[in-house]
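Here's the letter readout for the chains.
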Amino acid sequence: MTETLMNAADRWRPLAELLEALLERVAGELPGCLGAGLTVSRGDRPLRVLAAAGVAEQLIPAQLAHGGPVIVADATGEPVTTDRLFGDARWPDLTRETVFDGGAATEAIRGAVALPGFWDEDGAFVLSVSLDRAPDGETLDVLRRYAKLTEMTLVVAETATAGDPDQMLDLLASRAAIEQAKGAIMAVRRCPPEEAWQTLRRASQEFNVKVRELAVALVEYLGGQAAIPQDGRREIRPGAPAHHAAERLWSAFSSASP
């Protein structure tokens, strides 16, 4: 997370209002939702709360200090669900006493879900909810739907407040390529989007190439030609290492497929 993005949430009222509306809509689609929150990070910097509503205003800061589904989702890149938020062996230090001073409303908290995502190569977020019931499949589906809106909101917020139009164009070009590559991986592996993203990240680290270059190289490899934007100018030009990584990655998928 950059200071630019955090300052935007603090000082740019339209962004704050948009994030509040996003969390309200998430909560409104989930029966028994007691709170929703959005945390962000960049690179090796720790998670910070960007927006929170309901019990998440207290619950997420407590998770950052004592552990919880938000921390696990950020660390693993995988969705985290629990039907017993307090008392889960994965985060033994998170208790009602470490979060609240008491009150009947806190007794209603039971389940929680945390969904990780990203808005560029180094920018990550976790969208999370707390429930008065055990989460079901629909809970994760709702979060996945709103993850797309969250991603684009963060892209626009960070680049617009930085005052660098070229940076926004680069990020949008990167996102388009990454989404295409993720779609191809999801199709061949039959996996959810977060797993496809983690596959790209792991491959980029293994072959020491940038995620966006690997994504473009993969799209080009599958299409059999260079990816050219409508204006005829290539925003991202993957080098030979990225093309080699893309070929090796897809070969691994092909050999593993039935």
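The structure presented is a predicted model; accordingly, all values stated were derived computationally and were not measured.

## Digging into the sheet that holds strand S5 (residues 123–131)
- A sheet is described by the order of its strands in space; here five strands give the open sequence S2-S1-S5-S4-S3, paired in antiparallel fashion. Where the open sheet ends on each side, the last strands, each with one partner, are strand S2 (48–54) and strand S3 (80–82). Each adjacent strand pair in this sheet contributes to an overall mean axis angle of 10°, direction not counted.
- Bridge analysis of S3 against strand S4 (residues 111–118) gives three bridges, and the strand direction is antiparallel. Bridge pairing in S4 places Thr82 opposite Ala112.

## Notes on the packing of aromatic side chains
- In total, this model carries one aromatic pair according to the counting rule given.
- Their ring planes at 10° and their centres at 3.6 Å tell us that Phe118 and Trp197 sit as a pair that is stacked. Remark: Trp197 occurs in helix H8 (residues 193–207) and Phe118 occurs in strand S4; sequence separation between them is 79 residues.

## Thoughts on the layout of surface pockets
- Looking at the largest pocket, its volume works out to about 570 Å³.
- What lines the largest pocket is a set of 33 residues, and nearest its centre among them are Gly117, Ala124, Trp197, Gln198 and Arg201.
- Sorting the residues of the lining of the largest pocket by element identifies strand S1 (33–42), helix H4 (69–76), S4, S5, helix H6 (137–162) and H8 as the ones contributing at least two each.
- Residue contributions to the lining of the largest pocket peak at seven residues, all from H8.
- Among the residues making up the lining of the largest pocket, the classes are represented as eleven nonpolar, eight polar and 14 charged.

## Concerning the pairing of S2
- Note that S1 and S2 share six bridges and pair antiparallel. Its bridge partner lying in S2, Ala36 is registered against Ala53.
- Between S1 and S2, which follow one another and run antiparallel, lie five residues, and Gly43 among them has a positive phi close to 60°.

## Some words on H4
- Looking at H4, one finds that the buried residues are Pro69, Val70 and Ala73. Take H4 and look down its axis: the buried residues cluster within an arc of 100°, on one side only.
- In this structure, the buried residues of H4 make contact with S1, helix H3 (56–66), S3, S4 and S5.
- Phi turns positive, to about 75°, at Gly77, one or two residues after H4.

## Considerations on the side chain of Ser128
- Within the fold, Ser128 resides in strand S5.
- By relative accessible area, Ser128 is classed as buried at 7%.
- With near-sequence residues (within four places) excluded, Ser128 lies in contact with Gly35, Ala36, Gly37, Ile60, Val70, Val113 and Ala114.

## A few points about empty space enclosed by the protein
- Considering all chains together, one arrives at one cavity of 30 Å³ or more under this definition.
- Approximately 50 Å³ is the volume found for the largest cavity.
- Surrounding the largest cavity, 13 residues form its lining, Leu59, Gln63, Ser128, Val129 and Ser130 being those nearest its centre.
- The class makeup of the residues in the lining of the largest cavity is nine nonpolar, four polar and no charged.

## Quick look at the environment of Ala240
- Within the fold, Ala240 resides in helix H10 (residues 240–256).
- Sequence separation between Ala240 and Ala217 is 23 residues; the distance between their C-alpha atoms is 9.1 Å.

## Overview of H8
- The first and last C-alpha atoms of H8 sit 21 Å apart over 15 residues, in line with the 21 Å expected at 1.5 Å per residue.
- Asn208 sits one or two residues past H8 and shows a positive phi near 60°.

## Description of the pattern of salt bridges
- Counting across every chain of the model gives eight salt bridges.
- Salt-bridge contacts for Glu138 lead to Arg145; the nearest nitrogen and oxygen are separated by 3.8 Å.
- A relative accessible area of 40% means that Glu138 is categorised as partly exposed.
- Its relative accessible area of 45% is what places Arg145 among the partly exposed residues.
- Here Arg144 ties to Glu194 by a salt bridge, and the two come within 2.3 Å at their closest N and O atoms. Here Arg144 is found in helix H6, whereas its partner Glu194 is found in helix H8, with 50 residues between them in sequence.

Calculation notes
- Residues numbered from 1 in each chain as written.
- Predicted model: local features only at pLDDT ≥ 70, side-chain atom pairs only at ≥ 80, totals over all residues.
- Heavy atoms only, no water.
- Pairing = 2+ DSSP bridges.
- Helix = DSSP H or I, 4+ residues; strand = E, 2+ residues; numbered from the N terminus.
- Axes fitted to C-alpha atoms, helices over the stretch in contact; angles between N-to-C directions.
- Phe/Tyr/Trp six-rings, centres within 6.5 Å; stacked < 30°, edge-to-face > 60°.
- 1 Å grid on protein atoms, 1.4 Å probe; cavity = no way out; pocket = protein on both sides within 12 Å on 5 of 7 lines; lining within 4 Å.
- Points joined across faces, edges and corners; volume = space filled by probe spheres on them.
- Nonpolar A, V, L, I, M, F, W, Y, C, P; charged D, E, K, R; others polar.
- Buried < 20%, exposed > 50% of the residue type's maximum accessible area, 1.4 Å probe, protein only.
- Arc of directions from axis to C-beta.
- Contact = heavy atoms within 4.5 Å.
- Expected span 1.5 Å × (residues − 1).
- Salt bridge = Lys/Arg side-chain N within 4 Å of Asp/Glu carboxyl O.

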